[in-house]
Amino acid sequence: MGDASVKIFTAKKIITMNPALPFAQAIAVRGDRILGVGTVEDLAQWGDHELSEQFKDHILMPGFVEAHTHVMAGAVWEFPYVGFYDRADPAGRTWLGCQTIASVVDRLAECERDLNDPDQTLVAWGLDPIFLKGERLVAKHLDQISTTRPIFVFHASGHLATVNSEMMRRSGIDRHTPTPGVAKDADGEPNGELQEPAAMSLAQDGFAAIGVAMMSPNAKWNYAREARNCGVTTIADLGTTRLAMDGQLEAWRQATDDPSYPARVVVAVGHSDFGSENKDSNPMVSLAVRLRDEEETAKLRFGIVKLVLDGSIQGFTARISWPHYVNPPPGHPGNGLWLIPPEQLADIVSSYHEAGLTVHCHCNGDEAAQVFIDAVETALQRHPRWDHRHTVQHCQLTTTAQYKKMAALGMNANIFSNHIFHWGDQHASITVGEERAARMDACATAQREGVKFSVHSDAPITPMGHLHTAWCAVNRLTASGRVLGPEERISVAKALEACTLGAAHQLRLDHDIGSLEAGKLADFAVLEKDPFEVSPEELKDIPVWGTVVGGTPHVAGST
Amino acid sequence: MQPSEGLMEVSVIGGYLGAGKTTLVNHILRQASERVAVMVNDFGEINIDQSLIDSRSDNTISLTNGCICCSLVDGFVSALESVTSFRPKPTRLVIEASGVADPGAVAAYGHGPGLALDAVVVVTDAFRLCEQIADPLIGQTVVSQIGAADVIVLNKIDLADNLTAAKTELAKLNPDALLAYASHAEVNLDLFFGREVVRTSDPTSHVGKFESRTHESSQPIPRAALEALVENLPPEIQRVKGIVRLAEAPHVAMVFQLVGRNWELRALADRNNSPDGNRLVVIGPKGSVPMEWDNALNSGK
Ligand SMILES: [Zn+2]
Ligand SMILES: [Zn+2]
Ligand SMILES: [Zn+2]
């Protein structure tokens, strides 16, 4: 900040997201803030300046704001990727998708040769057996790689892992293991697949690895690098209880205080069940208030609390209203799971609401959304408060009536648009059926009903990339190539607004970020093509040069 | 069989919000005659008595339905690890699941390293049960919890005016579970401590039909009479436990444990807090548990 010198960046075009001056050619920066936007001539009135033509062939727009991701998006890159789709790592290297069992085995064999310590567990992630044709990958395939080194492969769903025989031997997993979820073959021998956390946790060395990685400084850096690579300048790590743990706040400070750390981070306090049966002593309220009031810096922000109310739609654990799921697996109880007792939610929301915090609540199903909306209404009746910006996260099946109510209550929405592409086909055929799938992730309804909204990736659940997420909201194309619910498509302009100002608003940062105008932070996404010039179908393919955060350029793909 | 030496037995306490889980945990802490570690949602509600609790984990633990795609599984596994590393080692871990958690899913952790799952105890609110089961929002949650139980504690019977309806519902939802009635969650711990012996061999199914009976008497019993009693047990009885006083040493309360045909007697550790008289719980398949033991127990008279 202390730097008083003025730098003027010129660009092929600057998209400001400021309706009073939508486009410009130049932007002046002093310290980490924008001095002005306009022409070089206009900006010369600020006196002596350095003129940078670094971006003269690029498009500048406000840095994207990704209001729902997890630092785990950075942690997973501590381990090799064996998913089906190509995926770029934080260093910008593209990992080709493994489309057969043989290619999974080849990839892992290559990584195995690179490990020096013969006892080190080989951990990998991203496996998605739904896409792999033929037989299922099991321990015997992984045994081709090593019979002496433990191997642990996390599936993309996060619910399963596959391990080799050596991992089972070292973990004491055998035909007598009673833990549910230890899959066994016809002869009663475990086949290496561990379903759900209780079974996965038996292979402790592998299961614990990602949790350990999440705490590491490197994960925090890779998280921001991944953001930078797709033009995101502010990322929200939406919900952790780890801030209460020794050293984690300091670790975030250390990373974000480094001038070369390429992103701003909002770390949301995860509501914990701890103490919730006694609302007078919700210890997370004082933690969240203290962080917001005493610990914020330019690149590390607080003030958001995250609640999780239900499960996921593709896991059939989201709470959805009648007629519930169209084609659930055998034995399914009919509806999803609550993660917080519904009648307790109003008290929990009130405790944060009264402390002036903003509550973001994971609600995939519409029944969950209704319980949250009702809880916010109760909190408002008890304690009227303007401009709280409480936000429904995921908001996947939220109805028109619910959006109307959210608008009336001053609530925001963060819509999981990436689902349209990744699971849209399954939602139409298996989870909620055609009609409701067509109105899932209803950006157009949110817009029509006057709800301020954003869209998100929930990385690492789906890859971070706001141009891709905007593309989903604009085109609503599924993986099979069909348009799912054309009426819910929104314009490119509206999608870009959702990815900038919309997200900044629900993070309570729109006074600082989200548009390019005098006084705001100098955070830009630097694009190779103009999103208003390419066809809407090409939005996701626009190359990203990198970002500018607080006036400092960060080129994509660097380490 | 009894868990092998050094394993910590795990009791999972589930049940919907407000049913009395915390009250039951407090009751366990007051009554237990062994070293108990607890993992609960809210330590603020636990009456911590240093003589009863060996250790506690300082970690925040959220025992709910979380998973990586919906909410990160934060802390639970590491909290479990730290509990198993407590020294001196507790012999039992009592886990209180959250009010909406599926206790069966929590119990799945009870087979982890160093652990042996004992029983899943689900506390229900006799006063509100029928209303909860019919509730469109929480009905399925309550029903699933009951379905996961080895032992159901029908609590708050002092408040309920219609126990029959609640009993009928429970019998329908989980006919295999042992049903215990309580107010203020005061139940005989022998009903669910040491239940692993009556688990069926299929670990995925819950306990088969069984029953348990408590026999009490006031006079010390001669050792020979006790031995005769054990000798004459029906072969289906696999488990007896409780506290007896022998006529040969009436001032010492002894813990009696029978597993299969093996049994032992050892002095109760906490002598200041030992009950008078004999109290034995006999557990076996339905119909096999002797009705008339009290006379035999009193044979020393
Ligand atoms: Zn979520
Ligand atoms: Zn999330
Ligand atoms: Zn999940």
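Provided above is the structure to which this section pertains.
Residues numbered from 1 in each chain as written. Chains lettered and ligands numbered in written order. Predicted model: local features only at pLDDT ≥ 70, side-chain atom pairs only at ≥ 80, totals over all residues. Heavy atoms only, no water.

**Observations concerning the overall build of chain B**
Check the secondary structure of chain B and you find eight helices and 12 strands. Counting the 301 residues in chain B, one finds 54% classified as buried. A separation of at least 24 residues holds for 74% of the contacts in chain B among residues at least 6 apart in sequence. Per element, the accessible surface of chain B, about 12,400 Å² overall, is 50% carbon and sulfur. (Helix = DSSP H or I, 4+ residues; strand = E, 2+ residues; numbered from the N terminus. Buried < 20%, exposed > 50% of the residue type's maximum accessible area, 1.4 Å probe, protein only. Contact = heavy atoms within 4.5 Å. Areas by Shrake-Rupley, 256 points an atom, 1.4 Å probe, with all protein chains shown as cover.)

**With respect to the sheet that holds strand E11 (residues 160–163) of chain A**
Residues and elements named next belong to chain A. Spatially, five strands are ordered E9-E10-E11-E13-E12 in an open sheet, and the strand pairing comes out mixed. Both outer strands of the open sheet, strand E9 (122–127) and strand E12 (182–184), are each paired with one neighbouring strand and no more. Across the sheet, the mean angle separating the axes of adjacent strands is 25° when strand polarity is ignored. In this structure, E12 lies alongside strand E13 (residues 190–195), joined through two bridges in antiparallel fashion. Looking at E13, one finds that Val182 is bridged to Leu194. Against the sheet, helix H3 (residues 101–114) makes contact with E9 and strand E10 (151–155), and its axis sits at roughly 150° relative to E9, the strand it touches most. Against the sheet, helix H7 (residues 204–214) touches E9 and E10, its axis set at about 55° to E10. (Pairing = 2+ DSSP bridges. Axes fitted to C-alpha atoms, helices over the stretch in contact; angles between N-to-C directions.)

**Describing the packing of helix H14 (residues 418–431) of chain A against helix H17 (residues 466–475) of chain A**
Residue and element names in this part refer to chain A. Direction vectors running N to C along H14 and H17 enclose 65°, while the axes themselves pass 6 Å from each other. One way to sum up the angle between H14 and H17 is to call them roughly perpendicular. Two secondary-structure elements touch here, H14 through Asn418, Phe421 and His422 and H17 through His468, Thr469, Trp471 and Cys472. Looking at the contact of H14 with H17, its residues break down into three nonpolar, four polar and no charged. (Parallel < 35°, antiparallel > 145°, perpendicular 65-115°, else oblique. Nonpolar A, V, L, I, M, F, W, Y, C, P; charged D, E, K, R; others polar.)

**Remarks on the pairing of E13(A)**
Residues and elements named next belong to chain A. When E11 meets E13, the two strands line up antiparallel, connected through three bridges. Across the sheet, residue Leu160 finds its bridge partner in E13, namely Gln195. Here E12 folds back onto E13 in antiparallel fashion, the turn holding five residues, of which Gly188 has a positive phi close to 85°.

**What about the nonpolar core?**
The biggest cluster of nonpolar side chains holds 158 residues, and the ones touching the most others in it are Leu307(A), Leu309(A), Phe372(A) and Leu93(B). In terms of residue count, the dominant contributor to this core is helix H12 (residues 366–382) of chain A (nine residues). If sequence neighbours within four positions are ignored, Leu307(A) has contacts with His271(A), Ile340(A), Leu345(A), Ile348(A), Val349(A), Tyr352(A), Val359(A), His360(A), Cys361(A) and His362(A). One finds Ile28(B), Ala180(B), Ala182(B) and Ala185(B) within the second-largest nonpolar core, a separate group that totals 25 residues. (Core = buried A, V, L, I, M, F, W, Y, C linked by side-chain atoms within 4.5 Å.)

**Quick notes on H7(A)**
Helical geometry: 3.6 residues make up each α-helical turn, so side chains three or four residues apart lie on a common side. Residues and elements named next belong to chain A. Within H7, burial applies to Gly206, Phe207, Ala209, Ile210, Ala213 and Met214. Looking straight down H7, one finds that the buried residues subtend no more than 145° of arc, so they occupy a single side. Along H7, the residues that are exposed and aim more than 90 degrees away from the buried face are Asp205 and Val212. (Arc of directions from axis to C-beta.)

**Quick word on the environment of His155(A)**
Residue and element names in this part refer to chain A. Positionally, His155 belongs in strand E10. With relative accessibility at 5%, the residue His155 sits in the buried group. Apart from the residues lying within four places of it in its own chain, the contact partners of His155 are Gly126, Leu127, Pro129, Arg136, Leu160, Ala161, Thr162 and Glu193.

**Considerations on the coordination of the zinc ion (ligand 1)**
Residue and element names in this part refer to chain A. Those donors, His362 (ND1) and His394 (NE2), are the protein atoms that reach the zinc ion (ligand 1), and they lie 2.0 to 2.1 Å from it. A separation of 3.5 Å is found between the zinc ion (ligand 1) and the zinc ion (ligand 2). Residue His362 is found in strand E18 (residues 358–363), and its partner His394 is found in strand E19 (residues 391–394); the two are separated by 32 residues along the sequence. Judged by its relative accessible area of 1%, His362 falls in the buried class. (Donors = N, O, S within 2.8 Å, 3.2 Å for Na, K, Ca; no water.)

**Observations regarding the packing of aromatic side chains**
Residue and element names in this part refer to chain A. With the rule as written, the count across this model stands at 18 aromatic pairs over all chains. Plain terms: the ring middles of Tyr81 and Trp125 are 4.9 Å apart, the flat faces sit at 55° to each other, and that makes the pair tilted. A residue pair is termed long-range when its members are at least 10 positions apart, and Tyr81 in the loop between helix H2 (72–75) and strand E7 (87–88) and Trp125 in strand E9 qualify at 44 residues. With respect to class, Tyr81 is no different from Trp125; both count as buried. Seen in terms of ring centroids, Phe154 and Phe207 are 6.3 Å apart; in terms of plane orientation they differ by 35°. Their pairing is tilted. (Phe/Tyr/Trp six-rings, centres within 6.5 Å; stacked < 30°, edge-to-face > 60°.)

Just geometry here; none of it tells us what the structure is for.
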